[in-house]
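Breakdown of the fold
Here is how the chains run, residue by residue.
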Amino acid sequence: MEANTLVVFVNGVKHTEVNPSLETTLLQYLRTELCLPGTKLACGEGGCGACTVMVSRYNPTSKQIRHYSVNACLMPLVALHGLAVTTVEGIGSTKTKLHPVQEWLCEKGENCCQNQNAADTKKKICTKTFDASEFALYDRTQDPIFPNELQIETSYHTKSIKFTGATVQWCRPTSLEQVCQLKQEYPEALFTVGATLIGKGIRTGKIQGVVVSLSHVPELLDISSDDDNIKVGAAITLAQLHEYIETIAEIKNGETKAGLETVLDMLHQVGGHQLRNVVSIGSSIASGGGRSDVLTLLLAMGATSEIMNTTDKTIVCKEISQRMNDDGTCLLEQQEMITSVNIPYMSQGEHLYWHKHASRADLNLASINCGMRLKLQANSHIIEDLVLCYGGVAKRSIVAANVKKEATGKAWGKDLVAVVCRLLESDIDVTINKDGSVDYKKALVSSLFLKFYLKINAIVLSQPDPSPDMSSVRSHPLSKASEIFEDVPPEQAAEDTVGRPMVHKAALQQTTGEAVFCDDLPMYKDEIHIALVLSHRVHANIVKIDASKAESMSGVLSFISFKDIPNQQSNIAEHVFADKEVRYEGHVIGAIIAKTGAFARAAANNVLVEYDDLPSIVTLEDAIKKENFMAGHPVVLKHGDIDKAFQESDVTIESEIAMNGQEHFYMETQICRVVPTGEEQELEIVSSTQFLSELQTLVSEILNVPQNRLTVKIKRLGGGFGGKEESPIYVAAIASIAALKYNKPVRLVLDRRTDMRVTHKRQETWTKYKVGCSKSGKILAKEVSVYTNAGYTPGFFGFVPPASLFCLASDQGYKIDNFKLSAYTCLTNTNPRAPMRGFMTPPLALLMQAIMNDIAVKLNIPDAQIHEINMYTSGDHTFYNRELKDAGSLKVSWETCLNNSDYYKRRTQVDNYNRSSRWTKKGLCAIPIYRDVGMGFFRHMGQGAALVNIYKDGSVWISHGGVEMGQGLHTKLIQVASKVLQVPCERIHILETNTNCIPNALATVASHGSDLFGMAVKDACEKLVVRLKPYKQINLDKPWEKWVMDAYLDSTSLSAAGFYDRGPEYYQNFNNPYDGGKGHQYFVCGATVAEVEVDCLTGANRVLRIDATLDLGRSLNPAIDIGQIDGAFVMAFGLFVSEKLEYDENGFLVSKDTFSYHIPGSRDIPTQFNIQLLNTDSKEAVLYGSKGVGEPPIHMGIAAFMAIKDAIIASRKENGVAGNFQLNSPASSEQIFHLCKASSTYPSGI
Ligand SMILES: Cc1cc2nc3c(=O)[nH]c(=O)nc-3n(C[C@H](O)[C@H](O)[C@H](O)COP(=O)(O)OP(=O)(O)OC[C@H]3O[C@@H](n4cnc5c(N)ncnc54)[C@H](O)[C@@H]3O)c2cc1C
Ligand code: FES
């Protein structure tokens, strides 16, 4: 085999690459070289799984093929020599044959429903649990076809190979002898197996020289066991180790088996499957670090590693703890390497414990972890050895030395706890505050020991375990769900799909990887690329920009900045490029234009910017203190006589609540491609935007080019959530400036970190409130001041404050007659804020629930009663005198949800549980949901347009102003067209959204996309039906195609524009809400009951059950609507419980990648998730009686938040703390832990 020739099989096809680039990842190779775009780039750092592919490797000795998943974004291409890769395109395709799993994923939505019961045949119920009978047993003979050549030609696996790049040489030896030779030849050579760290080093230029891959060295791939140990070759992956231990654990028993299960639990919590499939045990010990899960447990176990001197081949075997550097890496001399690791079995009387506490249950580095081992003398409770090891607390995992010394020879028992907790204070010096403050971690050090103590008591004294381990993977059962919705009436025509759970139109394309997103568009030959230059100051004057070095670099065309903006007078010019002043860290200063993305990124790091720092305001608190408000603020809204109402109140409560911001975290980052046609400044802009017409307007303004020269279009977005309204405009503006400058196609894709640093976020709020109520809990008066952080510029957000007052006053489902509301929009030197799913109502709904809870606690009245006494009922009017026609369904939803969830019975059960459970508490909470849909801010915000064409073959093409971003808009509108035209959905197609076809469309936001654009489609189709009627009437027995052709031959237009205008009565002047506007189109009512469990010793929590009822009128498509509700709850759980948007004290964004910002993971899904759609006849719903679904269910997450508060109340009560308290959003585990007050009672109170 020639050096520098790589052979890799992809989807069965052989690819040979001579001199492959060492910087290229498998993902880049698949997407760019092989044009296989089904594998996506969403984070580029192993944090999301969008790039997952299967790798298959043949073992010539065992003659077995191992298939495993990997993150293609981390995997260097050169690591794949002699291996086979299967991408989503290789599994199945709509053009050939679908894989059963692809088919199942698509069809489950449509075919999952059975009639609930004979008594209520109208209702359909779907239980979404996987049913084993639907799957065939795993059959090895059905393995994907593995290339014959890789099985026959053993040299692929046995012959060493090397690839030489400009700065790095990648060697893959196939024997330990060769490894030693290489090490002698290149003493500084680095080893690698999974290359998750080394690969990144090579790509960023931090690693140069020789890298030796140990992945094919048989001596390092051996795994065996004797009576005392499992001996694991250094190149064995964590997944292989897991597999091996699983088989061994089956034949062991007692403490040995329990110990192995603890190791399995730990292994299961290291990253995701894709990571564990490549990361080796040797690398885990060599690279270690203070947060390593593997190292922390192995240290506690007293594991040893064998270290070979590659010069003289001698091997020493030492306890891992004896070969550790201060930074937690393995202490190795240059010529040394780890060859194996010995994992000891636990013997009789020896107990092992593992706990990982992280801000997300899975796929997360530990905030703090621990490995603990106790050995008791035979048949006694006398301690022979006690090893407590902690990770996440310092640069390296720490073993509590004094505890070990003092505890030896002492009796295991209650008295020991106080001694150990005292010793731990000095033994474990907490210095790291990642994912938790130092104080919190210090407290957790004792807490985790207490958990261990309780666990051992359960084993040794056979006591029930009072502290179930929420971090354990095994403690999390598979989630179950049920979905109930009403069937269409029996008289509805079979071919009419409206109201039926039809599969998402692009489901097959999504599951086969054929769905085309912006970055999947093929490259033009002369396409140029852009990398942004961002501010490294939060607030400063720009003194000088020196791009000379960057511009002289290879492949670079030029640097552009403010001076290159054609219309510098435009209002958005300073948001495109900072002019003289930067106003947040991440403010875009300029951009490098280059021939490739890699050239552009390299040069962008070499643009030198000199700053002169200015005073900055980085926190909301600071902005309030310095009164840095938007001009004209506060905006105040009053109603009734608040002074009198407070005087008449029996009880007055004053408090405050804060709510954090949120990252939009769409899977597809900001991206656009601009192609100049070369004529009259015409540009075709493909942008991942929710608001095509505004992008067209503002890019035209900044370029000084008329709007009619710009075509903006997009097929679909990979998520938007409001984050693709404003930010895409600036991205497209930069790309357009470059495209016009060079008259070449331009692509601008933000990598995840840049995206997070540059773009808008959800607003953060702090609210002060005072409420007065009667003895029965009826609210009589409410005074609220809400402070909102708008970042450095209010942007689109500028019109929010008066509107939010409006919502606060009228909404959230409660009738309050006397109020005074003041809204302050505060400016800080942080990212600009943007609307995000739910827009301004989540903090307001959260506030109302905090108020309800405060009243219930203060008056000692069950909170459900407080909701009911204040809730709107039918016939009520809002403060601006709008009759609430749908308010009746609020009560119905509430009662249905309480009944479905067995609320009152479970309330008693939860209270009983809390009385008997000392360290974990459950919480239960029911909240109503009442959310407006439709925007009344401006008169023009209720219009939609569509264009429907019928072609001569009878096929139908629709264009409308809405954007498809996974929410199923196109599917619903095809259903509508199919109903009106009476043609099957399969004959109808929506290509894309395009400003040429539909000008001036509103943004697809605010849950009213299907209302506005659906009504427009309906209008257009109805026009066509009228035109076709004469041809149908004379040929009733003939097919649709015949009527179409006849109409065409008769010169009848088969193209119709449709339009919908909601009407002027909805427009609401928020500065004067009493002038009669309706404000919103309608309200969506519902209710949610949440049950959670909280670990008072750590603050960890999990959602046990959610029951949600939502009145969506006559749902157009229950399957899609229920999917929206599922997604909304998970996003809301992130907002109210787990996600943390974080800036440091200097105003630098800390949460700027997947390692530091954690959207919910699979274990955050409620264990039981029940959804019921209430199908009611609404007098105000728009399209066939349906209502919008996107935003209202976001409020469901507040139920989980309040249930956590309920659990905290139970813990505080037990620990002697009564009365109201403040819980801020997100309900972080640190906050929960401190509020529970459990830690104040131990060690003495255990
Ligand atoms: C997305 C992601 C998530 C993660 N999540 C977790 C987590 O939840 N918990 C956790 O504990 N860790 C986690 N990690 C860290 C990960 O486990 C370590 O980075 C791992 O050790 C890297 O293994 P590798 O085989 O890819 O290392 P490589 O990149 O191949 O090598 C890493 C280092 O080890 C050295 N080395 C390798 N083998 C030997 C040897 N035999 N002798 C001497 N030196 C050797 C190399 O020279 C190099 O310096 C995560 C990492 C990523 C990227
Ligand atoms: S793109 Fe690879 S894990 Fe996110």
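Residues numbered from 1 in each chain as written. Chains lettered and ligands numbered in written order. Predicted model: local features only at pLDDT ≥ 70, side-chain atom pairs only at ≥ 80, totals over all residues. Heavy atoms only, no water.

- The protein is annotated in an unreviewed UniProt entry as Xanthine dehydrogenase from Owenia fusiformis.
- A UniProt comment under Sequence similarities (unreviewed entry) is attached to the protein, and it reads "Belongs to the xanthine dehydrogenase family." (UniProt positions renumbered as here; feature names shortened; annotations may be inferred.)

1. Let's talk about the pairing of strand S3 (residues 52-59)
- For S3 and strand S4 (residues 64-71), the ladder comprises eight bridges, and the chain directions are antiparallel. The partner of Asn59 across the bridge, within S4, is Gln64.
- The hairpin turn running from S3 into S4, its antiparallel successor, is four residues long, and Lys63 in that turn takes a positive phi close to 60 degrees.
- Looking at chain direction, S3 and strand S5 (residues 84-86) are connected through three bridges and run antiparallel. Directly across from Met54, in S5, lies its bridge partner Thr86. (Pairing = 2+ DSSP bridges. Helix = DSSP H or I, 4+ residues; strand = E, 2+ residues; numbered from the N terminus.)

2. Looking at the site of ligand 1
- Neighbouring residues of ligand 1: 31 residues in total, closest Phe191, Thr192, Thr196, Ser283 and Asp293.
- Between Leu197 and ligand 1, the recorded distance is 2.9 Å, taken from a backbone N or O atom to an oxygen atom.
- Note that an oxygen atom of ligand 1 is positioned 3.3 Å from one of the backbone N or O atoms of Ser280.
- When the free accessible area of ligand 1 is taken as 1000 Å², the share hidden by the protein chains comes to 89%.
- Mapped by element, the contributors of at least two residues to the shell around ligand 1 are strand S10 (190-192), helix H10 (281-287) and strand S16 (336-344).
- Each of two domains, domain 1 (6-99 + 129-204) and domain 2 (222-460), supplies a minimum of three residues to the shell around ligand 1. (Near = heavy atom within 4 Å. Polar contact = N/O pair within 3.5 Å; in protein donor to acceptor, adjacent residues only side chain to side chain. Areas by Shrake-Rupley, 256 points an atom, 1.4 Å probe, with all protein chains shown as cover. Domains from an automatic or database assignment.)

3. Topic: the packing of aromatic side chains
- Under the counting rule described, the total for this entry stands at 20 aromatic pairs.
- Considering the side-chain rings of Tyr903 and Tyr904, the 5.1 Å spacing of their centres and the 85 degrees angle between planes classify their relative orientation as edge-to-face.
- An aromatic cluster of at least three residues, connected via ring pairs, comprises Tyr353, Trp412, Phe449, Phe452 and Tyr453.
- The side chain of Arg752 reaches across the aromatic face of Phe665, ending 4.4 Å from its centre.
- Sitting above the plane of the Phe1221 ring, Arg1212 keeps its charged end 4.1 Å from the centroid. (Phe/Tyr/Trp six-rings, centres within 6.5 Å; stacked < 30°, edge-to-face > 60°. Lys NZ or Arg CZ within 6 Å of the ring centre and 35° of its normal.)

4. As for the UniProt feature "binding site: substrate" (unreviewed entry) in the protein
- Under the UniProt annotation, the feature "binding site: substrate" (unreviewed entry) is placed at Glu725 and Phe839. In terms of the greatest pairwise C-alpha distance, the residues named above, spread along 115 residues, form a tight cluster of at most 12.4 Å across.
- Position of Glu725 relative to the elements: it lies in the loop between strand S32 (710-714) and helix H22 (727-742).
- Within the element layout of this structure, Phe839 appears in the loop between strand S36 (818-826) and helix H25 (841-859).

5. Things to note about the side chain of Thr830
- Within the secondary structure, Thr830 is located in the loop between S36 and H25.
- Exposure remark for Thr830: the relative accessible area of 1% places this residue in the buried category.
- Within the structure, the side chain of Thr830 is placed 2.8 Å from the side chain of Thr828, a separation counted as a polar contact. (Buried < 20%, exposed > 50% of the residue type's maximum accessible area, 1.4 Å probe, protein only.)

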